[in-house]
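Chain by chain, the residues run as shown.
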Amino acid sequence: MVVIVDSGATKADWIALDAKGEQLFMTQTLGLSPEVLSKEVIEERMANNFELAKNSKKVKRLYFYGAGCGTARMRKFLRNIFKNFFPNAKVEVKEDTYAAIYSTTKIGHQGIVCILGTGSNCSYYDGHQLIQKVTSLGYILMDDGSGNFFGRKLIRDYFYHKMPQDLGLMFDKEYNLDADVIKEHLYKKPNPNTYLATFARFIVEHKEHPYCKGVIDKGFQQFVNNHIMQFELATKVPVHFVGSIAYYLRDELKAVVERNDLICGVIRQRPIEGLVDFHKETI
């Protein structure tokens, strides 16, 4: 059994294939980001999944692509956890950027591949190797144009009284904006980045409001300026996007991309389908 995993900060998609590449099962867990979760939490999230627990000894190869796996230390941390949970499996752990690349770009083809989900990043793929110019410092300092970026912006504008009154009233009805509750989630509970990203749903649902339009436009332009434009071939190769923010705000994203003379490529909500096609070729 071969298992392929695409894990963001919020959730992880798991697909198991047999020796012929036929799907055995598909399941989902909460995200398994090693930067914000302990060994015990990651183990618990897998153990509580019926399909994973039942088939743990049947897995022969595990391909894991995850948020927070950009450093060797984090990859080793996860690899050790997986080897214990899947005792008969050969384990390969890569950062989620590779999932986005394999899902949108054919081997041998050049492109810029971006993730715009709970978090964000951007890489250049020369057809064989991944090249990054920006080292991510996480959701507090970076993640331009992401779900947690927009969530943080909405909360700040609400408390600084910069959000229009009509929108502020709706925002207050949809979320618990008690300051103590927000601080509890941000400074004491796990996954503060995921918590911030839950507020991004509001900006998607109200994207036609002039305020939201401006926030979305500025957020995506900031991502283009700080990430995409750092690559010399930015205007010469397709720019692909993966992630829920990119997908649900694809019209707004396309407008910013085209305004900057960039070539808009594939926009995909989840890379798991493309990952399966990629790995089927190697089974």
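Residues numbered from 1 in each chain as written. Predicted model: local features only at pLDDT ≥ 70, side-chain atom pairs only at ≥ 80, totals over all residues. Heavy atoms only, no water.

Caption draft 1: Expanded view of the packing of helix α5 (residues 147-159) against helix α6 (residues 165-174). Two numbers describe how α5 lies on α6: the axes approach to 11 Å, and their chain directions differ by 115°. Here the hand of the crossing between α5 and α6 comes out left-handed. Side by side, α5 and α6 meet where L154, I155 and Y158 of the first sit next to G168, F171 and D172 of the second. In terms of residue class, the contact of α5 with α6 is made up of four nonpolar, one polar and one charged. (Axes fitted to C-alpha atoms, helices over the stretch in contact; angles between N-to-C directions. Helix = DSSP H or I, 4+ residues; strand = E, 2+ residues; numbered from the N terminus. Left-handed = near helix turned anticlockwise from the far one by under 90°. Contact = heavy atoms within 4.5 Å. Nonpolar A, V, L, I, M, F, W, Y, C, P; charged D, E, K, R; others polar.)

Caption draft 2: Structural context of the pairing of strand β5 (residues 90-95). Every second residue of β5 is oriented toward a common face, the buried set being V91, V93 and E95 and the non-buried set K90, E92 and K94. The pairing of strand β4 (residues 61-66) with β5 spans six bridges and is classified as parallel. Opposite L62, over in β5, you have V91 as the bridge partner. Between the parallel elements β4 and β5, the chain passes through helix α3 (residues 72-85) in a crossover that is right-handed. (Buried < 20%, exposed > 50% of the residue type's maximum accessible area, 1.4 Å probe, protein only. Pairing = 2+ DSSP bridges. Right-handed = clockwise from strand over helix to strand, strands pointing away.)

Caption draft 3: Structural detail: the pattern of salt bridges. Enumeration according to the criterion identifies ten salt bridges in this entry. A salt bridge links D13 to R270, with the shortest nitrogen-to-oxygen separation between them at 3.1 Å. In this pair, D13 is assigned in strand β2 (residues 11-17) and R270 in the loop between β10 (263-268) and α13 (272-280), connecting sequence segments 257 residues apart. Its relative accessible area of 3% is what places D13 among the buried residues. The exposure class of R270 is partly exposed, given its relative accessible area of 23%. Two residues, K39 and E43, come together in a salt bridge whose shortest N-O distance is 2.8 Å. Placement of both K39 and E43 in helix α1 (residues 39-47) is noted, with a separation of four residues, approximately one turn of the helix. E43 gets classed as partly exposed once you look at its relative accessible area, which sits at 24%. Taken together, the salt bridges that share partners define one network made up of E174, R201 and E205. (Salt bridge = Lys/Arg side-chain N within 4 Å of Asp/Glu carboxyl O.)

Caption draft 4: Local environment of a nonpolar patch on the surface. Taken together, L137, I140 and L141 make up a surface patch of nonpolar side chains, about 350 Å² in accessible area. Within the element layout of this structure, L141 appears in the loop between β8 (130-131) and α5. (Patch = residues over 30% accessible without salt bridge, like charges linked within 9 Å, V, L, I, M, F, W, Y side chains within 5 Å. Areas by Shrake-Rupley, 256 points an atom, 1.4 Å probe, with all protein chains shown as cover.)

Caption draft 5: Up close: the packing of aromatic side chains. The full count for this structure, using the stated rule, is 18 aromatic pairs. Consider the rings of F171 and Y175, whose centres lie 5.3 Å apart with planes at 55°: the pair is tilted. Among the residues examined, Y175 registers a relative accessible area of 12% and is labelled buried. Look at Y247 and Y248: their rings are 5.3 Å apart centre to centre, the planes differ by 80°, and that puts the pair in the edge-to-face class. The exposure class of Y248 is partly exposed, given its relative accessible area of 41%. Among the aromatic residues, those joined into a ring-pair cluster are Y158, F159, F171, Y175, Y195, F199 and F202. A cation over an aromatic ring shows up here: K94 above the ring of Y98, its NZ or CZ 4.7 Å from the ring centre. A cation sits over an aromatic face here: R250 above Y247, 4.4 Å from the ring centre. (Phe/Tyr/Trp six-rings, centres within 6.5 Å; stacked < 30°, edge-to-face > 60°. Lys NZ or Arg CZ within 6 Å of the ring centre and 35° of its normal.)

Caption draft 6: Inspection of the packing of α1 against α3 at higher detail. Interaxial distance between α1 and α3 falls to 11 Å at its minimum, and their mutual angle equals 40°. As the angle between them shows, α1 and α3 are arranged oblique. Where α1 crosses over α3, the handedness of that crossing is right-handed. Judged by residue contacts, K39, I42, E43, M46 and A47 of α1 engage F77, L78, I81, F82 and F85 from α3. (Parallel < 35°, antiparallel > 145°, perpendicular 65-115°, else oblique.)

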